[in-house]
Amino acid sequence: MPERSAYRGWDRFFVAAFGLFSLVAFVHEPLFYLYCGWDGLRHDSCSNATVAAIWKGYARLDPVYFDMPLWMALMIGFDSVLLSPFYLYSIYVFATGRADTPLYRAIGYSVSGALVYAMVLYLSWESLTARQYGAALGAVVAYNIPWGLVPLLLVVRLYRGSRT
C-alpha cells in the first residue's frame, strides 16, 4: 500500500473484499450461466458436472435456485455485468492509494447505495419466503451478507478519507 493513505488496513481489506467479489462476478456466476443456464438446475441439464455440483450445493441451502424468479435472475445478472467493472476499479483504486479522490467517492457512494438496496431487497424476500422454498435462512444470510456489509464499510471509509 502506498504511504499516502492514512487507512492502509482498510485499503487492504477492500482489495481483498473486491477481489472476492470479482471472482464471484467474473468466474462463479458466469460459469453458472454458461454451463447451466437458469433452468439447468431445475432440469438437471448442466453441461459441466463440477459447476453443477457447486451450484447444487448452494441450491440445497436456497432451493429457489431450482425455480428462480425472473427478478432474481436479473439482479444476479446485473451484478455480473454492471458491477464487476466497479469491483476491478476498486481493487486498482485501493491498491494504488487513490480512494480519496472525488471521482472514486462519487462512484463508490452510488454503487454502495445500489448494493445495499439490492441486499436489503434480496434478504427481505428470502426471509419472507424461506418457509415456502425451504431455504436455510441462516446460511443464505451468511453467504450473502458481505454484499451488504462491505458497501456500508466502504461508505465509512470514503467518508473518513474525505475528512483528511
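Placed above this text is the structure.
The sections below set out a description of the structure shown in this document.

Procedures and definitions
Residues numbered from 1 in each chain as written. Predicted model: local features only at pLDDT ≥ 70, side-chain atom pairs only at ≥ 80, totals over all residues. Heavy atoms only, no water. Patch = residues over 30% accessible without salt bridge, like charges linked within 9 Å, V, L, I, M, F, W, Y side chains within 5 Å. Areas by Shrake-Rupley, 256 points an atom, 1.4 Å probe, with all protein chains shown as cover. Salt bridge = Lys/Arg side-chain N within 4 Å of Asp/Glu carboxyl O. Helix = DSSP H or I, 4+ residues; strand = E, 2+ residues; numbered from the N terminus. Buried < 20%, exposed > 50% of the residue type's maximum accessible area, 1.4 Å probe, protein only. Core = buried A, V, L, I, M, F, W, Y, C linked by side-chain atoms within 4.5 Å. Contact = heavy atoms within 4.5 Å.

**Details of a nonpolar patch on the surface**
Consideration 1: A cluster of nonpolar side chains, namely Leu20, Leu23, Phe26, Val27, Leu31, Leu34 and Leu88, defines an oily patch on the protein surface of about 620 Å² accessible area.
Consideration 2: In terms of residue count, helix α1 (residues 8-35) provides more of the nonpolar patch than any other element does, six residues in total.
Consideration 3: Looking at the secondary structure, you find leucine 31 in helix α1.
Consideration 4: Classification of leucine 31 as partly exposed rests on a relative accessible area of 31%.

**Thoughts on the environment of phenylalanine 94**
Consideration 1: By secondary structure assignment, the location of phenylalanine 94 is in helix α4 (residues 70-95).
Consideration 2: The class of phenylalanine 94 is buried, set by a relative accessible area of 0%.
Consideration 3: Separated by 12 residues in sequence, phenylalanine 94 and leucine 82 have C-alpha atoms that sit 20 Å apart.

**What about the nonpolar core?**
Consideration 1: By size, the foremost hydrophobic cluster in this structure holds 43 residues, and its most contacted members are Phe18, Tyr65, Tyr87, Tyr104, Tyr122 and Leu154.
Consideration 2: Secondary structure elements with two or more residues in this core: α1, α3 (49-61), α4, α5 (102-133) and α7 (146-162).
Consideration 3: Ignoring any residue separated from it by four or fewer positions in sequence, one finds leucine 154 in contact with Phe14, Phe18, Phe86, Phe94, Tyr104, Gly108 and Ser112.

**Structural notes on the pattern of salt bridges**
Consideration 1: Under the criterion given, the structure shown has two salt bridges.
Consideration 2: Residues arginine 157 and aspartate 100 are paired through a salt bridge, measuring 2.7 Å at the closest nitrogen-oxygen approach. Of this pair, arginine 157 sits in helix α7 while aspartate 100 is found in the loop between α4 and α5, placing the two residues 57 residues apart along the sequence.
Consideration 3: Counted as one network, the salt bridges with shared partners bring together Asp11, Asp100 and Arg157.

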